Amino acid sequence: MSKPDSGHFKGTRGAQRVEYRRVIDSLPKNPDRLRERGWTETSHPDAAKFGHRTFHDPILGLTVRFDKGSSGFSRHKARDHYHVLNPDRTGKMDMYLDKDGSPVPKGSEESHLYPKGRG
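Attention here is on the structure that accompanies the text. (Residues numbered from 1 in each chain as written. Predicted model: local features only at pLDDT ≥ 70, side-chain atom pairs only at ≥ 80, totals over all residues. Heavy atoms only, no water.)

1. Observations regarding the side chain of His81
- Within the secondary structure, His81 is located in strand β4 (residues 81-85).
- In this structure the side chain of His81 is engaged in a polar contact, spanning 3.3 Å, whose partner is the side chain of His83. (Helix = DSSP H or I, 4+ residues; strand = E, 2+ residues; numbered from the N terminus. Polar contact = N/O pair within 3.5 Å; in protein donor to acceptor, adjacent residues only side chain to side chain.)

Structure below.
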C-alpha cells in the first residue's frame, strides 16, 4: 500500500515523483536496455552470476535492482522484477519506491515491480 503524499519523506513529492513514476512505468523486460538509455551498470560480479543486477541513472540519481526469476520458485522469485531504491531512504521502512514513486518498506509486496515495457 502506498503512503499518502504527506511530505513526510523528503524528495518524493511533486515533479520529482512524477519523474520517478515515468521511469518505473518504463522499466524494460530486458535490463540491458537500461544501458542503452544511459544507465550505468554497477552490478557486483558475484551477484550478477545469480541474476541480481544493479543500474544507476546519473540524471535522476535513481538506482534499480533487477532480479531474474527462476523456475522452481514461486511468487516474486519466479518472475523477473525490479526494485527501485528510494534515493532519500532513511532505513528499511522507506528503502524502496512503489509503482507510484512512494516510499515502501524492504520486503513489501509493493517493492516488487514487474516490467511492462518491451524488450
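And the narrative resumes.
2. Remarks on the nonpolar core
- Residues Leu34, Trp39, Leu62, Val64, Tyr82 and Val84 are the most contacted members of the largest nonpolar core, which totals 14 residues.
- Of all the secondary structure elements, the ones that give two or more residues to this core are α1 (14-25), β3 (63-67) and β4.
- Among the elements that take part in this core, α1 stands out by supplying three residues, more than any other. (Core = buried A, V, L, I, M, F, W, Y, C linked by side-chain atoms within 4.5 Å. Buried < 20%, exposed > 50% of the residue type's maximum accessible area, 1.4 Å probe, protein only.)

3. Comments concerning the pattern of salt bridges
- Summed over all chains, the structure comprises 11 salt bridges.
- For Lys49, the salt bridge is made with Asp46, and the minimal N-O distance between the two is 3.7 Å. Here Asp46 and Lys49 lie together in helix α3 (residues 45-49), a separation of three residues that amounts to about one turn.
- Classification of Lys49 by relative accessible area gives exposed; the value is 66%. (Salt bridge = Lys/Arg side-chain N within 4 Å of Asp/Glu carboxyl O.)

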